Amino acid sequence: MNATLAWTPVCRLDRLEPDRGVAALVDGVQVALFRTADGLFAIDNQDPVSGAYVLSRGIVGSRGEVPTVASPLHKQVYDLRTGHCLDLPGVAVARHAVRCRDGLVEVRLRQED
Amino acid sequence: MNGDLVVIGNGMVGQRFVDALRARDPHGRWRVTVLAEEGRPAYDRVRLSAFFDGVDADALNLHTPHDGVRLRLGEPATAIDRDRRVVSTATAEHRYDALVLATGSYPFVPPVPGADLPGVFVYRTLDDLAAIREYARGRRVGAVIGGGLLGLEAANALRLLGLSTDVVEFAPRLMPVQVDPAGGAMLRRYVEELGVRTHLGVATTAIRPGPDGAVAALELSDGGAVDAELVVVAAGIRPRDELARAAGLPLGPRGGVLVDATCRSADERIWAVGECAAVDGTCHGLVAPGYATAEVVADRLVGGAATFPGADTATKLKLLGVDVASFGDAHGVTPGCLDVTFTDPATRVYAKLVLSDDASTLLGGVLVGDASAYPTLRASVGGPLPAAPLALLAPDGGGADAGALPASAQVCSCNAVTRGDVDAAIAGGCADVPALKACTRAGTSCGSCVPMLKQLLDAAGVAQSTALCEHFDVSRRELFDIVRVRGIRTFSRLVAEHGRGRGCDICKPVVASILASLGAGHVLDGERASLQDTNDHFLANLQRDGSYSVVPRIPGGEITPEKLIVIGEVARDFQLYTKITGGQRIDLFGARVEQLPQIWRRLVDAGFESGHAYGKALRTVKSCVGETWCRYGVQDSVGLAVALELRYRGLRAPHKIKSAVSGCARECAEARSKDFGVIATETGWNLYVGGNGGFRPRHADLFATDLSTEALIPLIDRFLMYYIRTADRLQRTAAWIEAMDGGLDHLRAVIVDDSLGLCADLDAAMARHVGSYSDEWRDVLNDPERLRRFTSFVNAPDVPDPSITFALERGQPVPARGGMVTARDERGGREREPAEAGRRRQPVTLGLPEVRR
Ligand code: SRM
Ligand SMILES: Cc1cc2nc3c(=O)[nH]c(=O)nc-3n(C[C@H](O)[C@H](O)[C@H](O)COP(=O)(O)OP(=O)(O)OC[C@H]3O[C@@H](n4cnc5c(N)ncnc54)[C@H](O)[C@@H]3O)c2cc1C
Ligand code: SF4
Ligand code: FES
């Protein structure tokens, strides 16, 4: 698959509510974007366990020092920084690069592994 | 030994005897005939009073039919002819090779004038209780003669029937057999606080009729009098030995069929079991020793050598909500014994331990007000004390630590589980009380040993935390109080001041729910939007494919044709799968987030509002059609259901709340499976609480009877508000009541008698809720800020989520299956089958029968 190397502007930063995700469509890929006190995070929107595209609707929080999101379907918790599932060993969700430029949030799809 | 066996009496012990014999005599060498005086087979007399809690006669049944056993109901024995070996009844003669007397006891009625007046009852059989209930209708004052165990049970029954109640006891204290004077005094304080007046140390000298010839008052030996339109006599029991006496068998010094330790009478073919037997001269008025006699005789009749093991008279009961326990040598009659007592008027706890003369061995004791130490203490009788006496008695001192018990001590007496059994289960991986219950059955009957199970978990080093999650060390209940008392209105302040970290999917929705219960405004306002689970966040229910379902409120299940048509049109226009729910309303499935506001616009315009199917909140108040149409209905059940649903709509709670109203006792609305259920009576409503369907079904308990609508509402208000304040996260009312110290009686004390002084507060909280309700969906539609979150993609709001696709099943759209895995493969992600693929979905491939037109 072809990793997009370009940054795609997605929305203004103020469109992201703190601690609540949104979904974005970047080159046909559904990305879940989060804005937390630790910064911006972007992961795949697809819940790897159920296959449904819902991770952007999960509850954001922390486990220990790790910033997390919980799948809204069956509550598995993921590390927002690495995409690793903290409850199911071996399960992970793809992450993407995200940054904020001039008040605009930009995403760059990342090829994992 | 074999032949014809006749059993007289089919009570608790008679039945146990037949069961025990059949278990030991599989080839049916004994042909058994049971003669029963009562019209119904054996039932659980110990739980007789549950009848007034709404438990019906069937639920008390103890009878199981056996091959080779004939049960002749309503055919009492009238005589025993020992020479001919024949028992006669009014209609037949029954020959016997062996005869077992299991005739129980009769209630002793003191020979006072007026004891036979209409309105005077005894308290022994289901028929007695049914008659009492019938007679109590429309009457206001009652009295009980006798302040023992039975008398107090009867007093509570009268209270439940709505009668104001007096208890007259000849002894100078209540429950003289089980408790000592100081314990009796403590018990009296409790009982009087419940509004039951006691008259101690006085005899009833006469029962006086009123002008209608029915009972109207009691006259007392101190010259006083007590008004009473209904009287229950519970002045003790006497063994039913009349048949034995007439047959010339020797009796015990205080009556009862005299038998030896093998339970055989002076006639080698005649045995006696249960309360009618005077074993070595002593009659036992409890069921456990009765069961022991049944086992002895069953064993003897198949050639065994069992003897009566002696009686354990230990008792623990909850009478009118008060824990009372007495065990071993409770009255301290062992020569030289020592007493250690503890009285705390503040917490109203009294306890006494009886110790051997060297203070090393526990002989017995009495506990009133707090019987939490009972299981440990009872298990320690005859052995060394598990801790210093005062540590054992101090309430909540944790002194009666089960950790000090030997492995052989019986932890759960109901299910004969020892400490060793519990420890083994813990070693085998049981890490909490529910696991221990499932694995050992300990704690599953009366529940009194549950505290000890916790202690044993502690003793084994298994931590039992009440912390909500890693971010808060307190329980939901404590968190609720913190938020309420401190007036905190944001999660960030709460976690900064009383927790740590950033929160999680456990604590955030809990706090959101607490804030909502306290009336903090719209669930999507400000920071609170980030706390909500996706269901509350989109005000709809997330489905397996990422789409949502929509459930408009249909109060009481009542709906006009116009509104039905609107639902049909909306479903058709948005192509939503449509289904009638189990909650008497209509669910529309398969909506995408961006469609939700459009769908709700149409629904709100037609007069619908949110049904809160997504919230931990009131769901539905189901109704039956009731008196309006039904030929049996006695009240307007639909009207009440609608009113209740509108009153409590939107009320956020620790878990969902369901209710129902039935128009008569046929109960078509299934109100007794609801968190609160209402069933119509001729004169008003009966309120039930704590029912549950779902994972662990539970019938609701009868809470109050024959209420007017005005009296009903405040009780439900307080019930719900108290639940909201004190329950655990995701704890339905059923589990909440079961876990409550003091159970239903405590609940009644709090919300009926205002024992905690909370009622005004609870009432005000509910008034605030009712007054401030507004429809969440209407509020969203009117606010562009709130509407903004209902978009598919932040950068492509016009593109519908391409992953949501449908197939047709029985003419309706359903989630298409299988597409998601491929979608992932194409993008080159790691190949992983979604976990659901491992599940075996059973194809339903049966052809649908055609409907002929
Ligand atoms: C739609 C419906 C099934 C149906 O097609 O009939 C349904 C659907 C769901 N039920 Fe239910 N329950 C529905 C009636 C019931 C009933 C019957 C009733 O209410 O009369 C029960 C048993 C009664 C009870 O609750 O005591 C019931 C017991 C449960 C339980 C188990 C609760 C328990 O205490 O054990 C759950 C799980 C939970 O809440 O944790 C549950 C959870 C759910 C959830 C919310 C599961 C979820 O989280 O996705 C389902 C999604 C609803 C949706 O998407 O709209 N549902 N569920 C019914 C909606 C009724 C309504 O109009 O609101
Ligand atoms: C309200 C109440 C609460 C109680 N609570 C407790 C408690 O908490 N703990 C406890 O241990 N015990 C309790 N008891 C006592 C317990 O119920 C009795 O110990 C137990 O029922 C005795 O069993 P039994 O078979 O000997 O007598 P019963 O259960 O009384 O059965 C005797 C049966 O024999 C029948 N009978 C009598 N004469 C004849 C005849 N001539 N022909 C045919 N049938 C005949 C009677 O009609 C009756 O059905 C309570 C009793 C009551 C009434
Ligand atoms: S519960 Fe009673 S009133 Fe209601 S429908 Fe059934 S029979 Fe009729
Ligand atoms: S002692 Fe009754 S359940 Fe354990």
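Rules and cut-offs
- Throughout, residues of each chain are indexed from 1 in the direction in which the sequence is written.
- Chains carry letters and ligands carry numbers; both start at the beginning, A for chains and 1 for ligands, and go up in the order they are written.
- Per-residue local features of the predicted model are confined to residues with pLDDT of at least 70, and side-chain atom pairs are confined, for both listing and counting, to 80 or more; whole-chain, interface and lining totals are unaffected and use all residues.
- No hydrogens and no water enter the side-chain calculation; it runs on all heavy atoms of the structure.
- UniProt positions are given in the numbering used here, feature names are shortened, and annotations may be inferred rather than shown by experiment.
- Starting at the N terminus, helices and strands are each numbered in turn, a helix being any DSSP run of H or I of at least four residues and a strand any DSSP run of E of at least two.
- Partly exposed residues are those whose accessible area sits between 20% and 50% of the maximum for their type, while under 20% is buried and over 50% is exposed, using a 1.4 Å probe and protein chains only.
- Contact definition: two residues touch when any of their heavy atoms are within 4.5 Å.
- Residue exposure ignores everything except the shown protein chains as possible cover, and the areas themselves are Shrake-Rupley values with a 1.4 Å probe.
- Centres within 6.5 Å are what make two rings of Phe, Tyr or Trp a pair, Trp counting through its six-membered ring; a difference in plane orientation under 30 degrees is then read as stacked, over 60 as edge-to-face, and the rest as tilted.
- By definition here, charges over rings are those cases where NZ of Lys or CZ of Arg is within 6 Å of the ring centre and within 35 degrees of the ring normal.
- Pairing between strands requires that DSSP locate at least two bridges from one strand to the other.
- To define axes, lines are fitted to C-alpha atoms, for helices over the stretch in contact only, and angles between the resulting N-to-C directions are given on a 0 to 180 degree scale.
- Computed with a 1.4 Å rolling probe, the buried area is the accessible surface lost when two parts are put together, summed over both parts.
- For this classification, Asp, Glu, Lys and Arg are treated as charged, while Ala, Val, Leu, Ile, Met, Phe, Trp, Tyr, Cys and Pro are nonpolar and the rest, including Gly, are polar.
- Whether a residue is near a molecule or strand depends on its heavy atoms: it is near if one of them lies within 4 Å of it.
- We define a polar contact as two N or O atoms separated by no more than 3.5 Å, with the added condition that, inside protein, one atom must be a possible hydrogen donor and the other a possible acceptor, whereas residues neighbouring each other in sequence contribute only through side-chain atom pairs.
- Salt bridge, as used here, is a side-chain nitrogen of Lys or Arg placed within 4 Å of a carboxyl oxygen of Asp or Glu.
- Taken from the helix axis, the directions to the C-beta atoms give the arc we talk about.

- An unreviewed UniProt entry lists chain B under the name assimilatory sulfite reductase (ferredoxin), with Micromonospora acroterricola as the source organism.
- Of the comments in the UniProt record for chain B, the one headed Subunit (unreviewed entry) reads "Homodimer which associates with NirD."

- Looking up chain A in an unreviewed UniProt entry gives the name Nitrite reductase (NAD(P)H) small subunit, with the organism given as Micromonospora acroterricola.

1. As for the overall build of chain B
No. 1: From N to C terminus, chain B includes 25 helices and 39 strands.
No. 2: For chain B, buried positions account for 52% of its 853 residues.
No. 3: When contacts within chain B are restricted to residue pairs at least 6 apart in sequence, those whose partners lie at least 24 apart make up 61%.
No. 4: As displayed, chain B has an accessible area near 37,100 Å², and 52% of this comes from carbon and sulfur atoms.

2. A short note on the packing of aromatic side chains
Residues and elements named next belong to chain B.
No. 1: In total, this model carries 13 aromatic pairs over all chains according to the counting rule given.
No. 2: Seen from their ring centres, Phe51 and Phe52 are 5.6 Å apart, and the 75° between their planes marks the pair as edge-to-face.
No. 3: Taking the relative accessible area as the measure of exposure, Phe51 reaches 9% and is therefore buried.
No. 4: Seen from the ring of Tyr632, Arg666 lies directly overhead, with NZ or CZ sitting 3.6 Å from the centre.

3. Examining the sheet that holds strand β8 (residues 95–101) of chain A
Residues and elements named next belong to chain A.
No. 1: Reading across from one edge, β1-β9-β8-β4-β3-β2 is the order of the 6 strands in this open sheet, with antiparallel pairing throughout. Edge positions in the sheet fall to β1 (8–12) and β2 (22–26), since each of these pairs with one other strand and no more. Taken pair by pair, the neighbouring strands of this sheet meet at an average axis angle of 30°, ignoring direction.
No. 2: Here 5 bridges tie β2 to strand β3 (residues 29–36), and the two strands are oriented antiparallel to one another. In the strand pairing of β3, Leu25 is matched with Gln30.

4. Things to note about the interface of chain B and chain A
No. 1: Counting residues at the interface gives 46 residues for chain B and 43 residues for chain A.
No. 2: Between chain B and chain A the total buried area reaches about 3,700 Å² when both faces are included, carbon and sulfur atoms providing 49% of it.
No. 3: When contributions to the side of chain B that touches chain A are tallied by element, the ones reaching two or more residues are α14 (507–517), α15 (534–538) and α25 (819–826) of chain B.
No. 4: Looking at the side of chain B that touches chain A residue by residue, the class counts come to 16 nonpolar, 15 polar and 15 charged.

5. Details of the side chain of B:Asn692
No. 1: Of note, B:Asn692 is situated in the loop between β36 (685–689) and β37 (701–707).
No. 2: With relative accessibility at 11%, the residue B:Asn692 sits in the buried group.

6. Things to note about the environment of A:Phe34
Residues and elements named next belong to chain A.
No. 1: Residue placement: Phe34 occurs in strand β3.
No. 2: Sequence separation between Phe34 and Val60 is 26 residues, and the spatial gap between their C-alpha atoms is 8.2 Å.
No. 3: Beyond its immediate sequence surroundings of up to four residues, Phe34 is in contact with Arg20, Gly21, Gly39, Leu40, Phe41, Ile43, Leu55, Ser56, Val60, Val69 and Leu80.

7. Re the site of ligand 1
Residues and elements named next belong to chain B.
No. 1: If you check the shell around ligand 1, you find 20 residues, and the closest are Gln543, Gly582, Arg585, Asp587 and Gly693.
No. 2: The separation between an oxygen atom of ligand 1 and a polar side-chain atom of Lys674 is 2.9 Å.
No. 3: Here the residues of the shell around ligand 1 are counted per class, giving 2 nonpolar, 10 polar and 8 charged.

8. Let's talk about the pattern of salt bridges
No. 1: As enumerated under the stated definition, the model contains 57 salt bridges over all chains in all.
No. 2: Between B:Asp533 and A:Lys75 there is a salt bridge, with the nearest N and O atoms lying 3.0 Å from each other. Taken as a pair, B:Asp533 in the loop between α14 and α15 and A:Lys75 in the loop between β6 (66–70) and β7 (77–79) lie in two separate chains rather than in one.
No. 3: Via salt bridges that share partners, B:Asp4, B:Arg31, B:Arg85, B:Arg95 and B:Asp97 belong to a single interconnected network.

9. Brief notes about unusual backbone geometry
All names here are of chain B.
No. 1: Its identity is not glycine, yet Cys263 carries a phi of approximately 70°, on the positive side.
No. 2: Structurally, Cys263 is set in the loop between β18 (257–259) and β19 (270–272).
No. 3: Relative accessible area serves as the criterion here: at 0%, Cys263 is assigned to the buried category.
No. 4: The backbone of His612 sits at a positive phi, close to 50°, despite the residue not being glycine.
No. 5: With respect to the secondary-structure elements, His612 resides in the loop between α17 (596–605) and β33 (618–623).
No. 6: The class for His612 is buried, based on a relative accessible area of 1%.

10. A short note on the pairing of strand β24 (residues 338–344) of chain B
Residue and element names in this part refer to chain B.
No. 1: Note that β24 and strand β25 (residues 349–355) share 7 bridges and pair antiparallel. Bridge pairing in β25 places Phe342 opposite Ala351.
No. 2: Connecting β24 to the antiparallel partner β25 that follows it, the hairpin turn spans 4 residues, and Arg348 within it adopts a positive phi of roughly 55°.

11. Focus: the site of ligand 3
No. 1: All residues in the neighbourhood of ligand 3 are listed as B:Cys624, B:Gly626, B:Cys630, B:Gly633, B:Gly663, B:Cys664, B:Arg666, B:Glu667 and B:Cys668.
No. 2: Taken together, the residues that form the shell around ligand 3 break down as 4 nonpolar, 3 polar and 2 charged.

12. Details of helix α12 (residues 476–486) of chain B
Residue and element names in this part refer to chain B.
No. 1: Arg476, Leu479, Phe480, Ile482 and Val483 are the residues of α12 that are buried. Across the axial projection of α12, the buried residues extend over an arc of 165°, all falling on one side.
No. 2: Looking at the buried positions of α12, the neighbouring elements they touch are α13 (491–498), α14 and α19 (709–726).
No. 3: Where α12 terminates, the next one or two residues include Gly487, which has phi positive at roughly 70°.

13. Some remarks on the UniProt feature "binding site: siroheme" (unreviewed entry) in chain B
Residues and elements named next belong to chain B.
No. 1: According to UniProt, the feature "binding site: siroheme" (unreviewed entry) maps to Cys668 in the numbering used here.
No. 2: Assignment of secondary structure puts Cys668 in the loop between β34 (657–662) and β35 (676–680).
No. 3: The exposed category is assigned to Cys668, whose relative accessible area is 61%.
No. 4: Apart from the residues within four sequence positions on either side, Cys668 is in contact with Cys624 and Ser662.

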